[in-house]
Amino acid sequence: DIQMTQSPSSLSASVGDRVTITCRASQSISRYLNWYQQKPGKAPKLLIYGASSLQSGVPSRFSGSGSGTDFTLTISSLQPEDFATYYCQQSYSTPNTFGQGTRLEIK
Amino acid sequence: QVQLQESGPGLVKPSETLSLTCTVSGGSISTYYWSWIRQPPGKGLEWIGYIYYSGSTNYNPSLKSRVTISVDTSKNQFSLKLTSVTTADTAVYYCARRAVAGSNWYFDLWGRGTLVTVSS
């Protein structure tokens, strides 16, 4: 199985901050990397697919980059509704695997 | 607008079989792949498997010996059965649609999730 490792595991930031979350794969996955946002008690929501494509309806302050083994999710200017847990997921091979999550908290 | 809704018992006894159904409304179950994903309380996400409307399946090897996913196109539903459950199977179970762009697959539509507790 391909292991996905996110860093940091948790992060405190303020409204308006620029935030970057990193995801590393245990082997090259090309650009088969997706990002999700999950709020407490809710299902995950797709933000980014194919490493950098923005899902329809997702604000443009979210962006993704990377290829191979290293990927990043960037939020350019944090809004109050962005405080949540973020997961990366590889779709290069099955079993599809997720990172352990990055919890983004209000400072 | 397509929506997914999980249904099934919220409590299952150890060694018994967990059974859940996902109903797809507002669109056809045909032409897409459909998945089950679970999340133990306070933990991360685990992909269980997927099924195509034609019935072809792919399961997580860690669960493969205990999992069956099936589809009923006449009811626009797909189902999950997990046998010989233990307390480690306690989780929120999500059904999700598996979509593709190019050759990249992703989960673009999710149900609200249903908590299944394994306890005697």
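So, how was this worked out
All residue numbers here refer to positions counted from 1 along the written sequence of the relevant chain. Chains and ligands are labelled sequentially in the order written, the chains with letters from A and the ligands with numbers from 1. Only residues with pLDDT of at least 70 get local features here, since the model is predicted, and only at 80 or more are side-chain atom pairs given and counted; chain-wide, interface and lining totals rely on the full set of residues. As a rule here, side-chain values come from all non-hydrogen atoms in the structure, and water together with hydrogens is ignored. Between 30 and 60 degrees the pair is tilted, below 30 it is stacked and above 60 it is edge-to-face, where a pair is any two Phe, Tyr or Trp rings, Trp via its six-membered ring, whose centres lie within 6.5 Å. A run of H or I in DSSP becomes a helix once it reaches four residues, and a run of E becomes a strand once it reaches two; helices and strands are each numbered from the N terminus. Under the scheme applied here, a residue whose accessible area is under 20% of the maximum for its type counts as buried, over 50% as exposed, and between as partly exposed, the area being computed with a 1.4 Å probe on protein chains only. Both a distance and an angle decide whether a charge sits over a ring: NZ of Lys or CZ of Arg must be within 6 Å of the ring centre and within 35 degrees of the ring normal. At least two bridges found by DSSP between two strands are what make those strands a pair. Interaxial angles span 0 to 180 degrees and are taken between N-to-C directions of axes, which are lines fitted to C-alpha atoms, for helices over the stretch in contact. Think of a nonpolar core as a cluster: buried Ala, Val, Leu, Ile, Met, Phe, Trp, Tyr and Cys residues, connected wherever their side-chain atoms sit within 4.5 Å. Lys and Arg are tallied as positive, Asp and Glu as negative. Neither His nor the chain termini are counted. Criterion for a salt bridge: a side-chain nitrogen of Lys or Arg within 4 Å of a carboxyl oxygen of Asp or Glu. Two residues form a contact once any of their heavy atoms are found within 4.5 Å.

It is worth spelling out the packing of aromatic side chains at this point. A complete count under the given rule lists 16 aromatic pairs over all chains for this structure. Here Tyr36(A) and Trp110(B) contribute two aromatic rings whose centre-to-centre distance is 5.8 Å and whose plane-to-plane angle is 75°, an arrangement assigned as edge-to-face. Taken together, the residues Tyr36(A) in strand S4 (residues 33–38) and Trp110(B) in strand S10 (residues 104–110) connect one chain to another. Residue classification places Trp110(B) among the buried residues on the basis of a relative accessible area of 11%. Its guanidinium or amino end placed over the ring of Tyr33(B), Arg98(B) lies 5.2 Å from that ring's centre, counting from NZ or CZ.

A separate point is the sheet that holds strand S7 (residues 62–67) of chain A. Residues and elements named next belong to chain A. Taken together, four strands build an open sheet; the order of strands is S1-S3-S8-S7 and the sheet is antiparallel. The sheet terminates laterally at strand S1 (4–7) and S7, the two strands that pair on one side only. For this sheet, the mean inter-axis angle between neighbouring strands, taken without regard to orientation, is 20°. Taken together, the six bridges between strand S3 (residues 19–25) and strand S8 (residues 70–75) define a ladder with antiparallel strand orientation. Its bridge partner being in S8, arginine 24 is matched across the sheet by aspartate 70.

This part takes up the nonpolar core. Nonpolar side chains in soluble globular proteins tend to be buried together. The biggest cluster of nonpolar side chains holds 25 residues, and the ones touching the most others in it are Leu18(B), Trp36(B), Val67(B), Ile69(B), Phe78(B), Leu80(B) and Tyr93(B). Looking at this core, the elements with two or more residues in it are strand S3 (18–25), strand S4 (33–39), strand S5 (46–52), strand S7 (67–72), strand S8 (77–82), strand S9 (91–101) and strand S11 (114–118) of chain B. Looking at which element gives the most residues to this core, the answer is S3(B), with four residues. Among the nonpolar cores identified, the runner-up in size contains 24 residues, and Ala25(A), Leu47(A), Cys88(A) and Leu104(A) belong to it.

On to the sheet that holds S8(B), then. All names here are of chain B. Pairing within the open sheet is antiparallel, and its four strands lie in the order S1-S3-S8-S7. Lying at the two open borders of the sheet, with one neighbouring strand each, are strand S1 (3–7) and S7. Strand after strand, the sheet turns through a mean of 20° between neighbouring axes, direction not considered.

Time to look at the side chain of Arg98(B). Along the chain, Arg98(B) turns up in strand S9. Buried charged residue Arg98(B) carries no salt bridge. Nearest counter-charge: Asp108(B), at 9.9 Å. If we skip the residues at most four places from it in the chain, Arg98(B) touches Asn96(A), Tyr32(B), Tyr33(B), Ser35(B), Tyr50(B), Trp105(B), Tyr106(B) and Phe107(B).

Shape is all these values report; function is a separate question.
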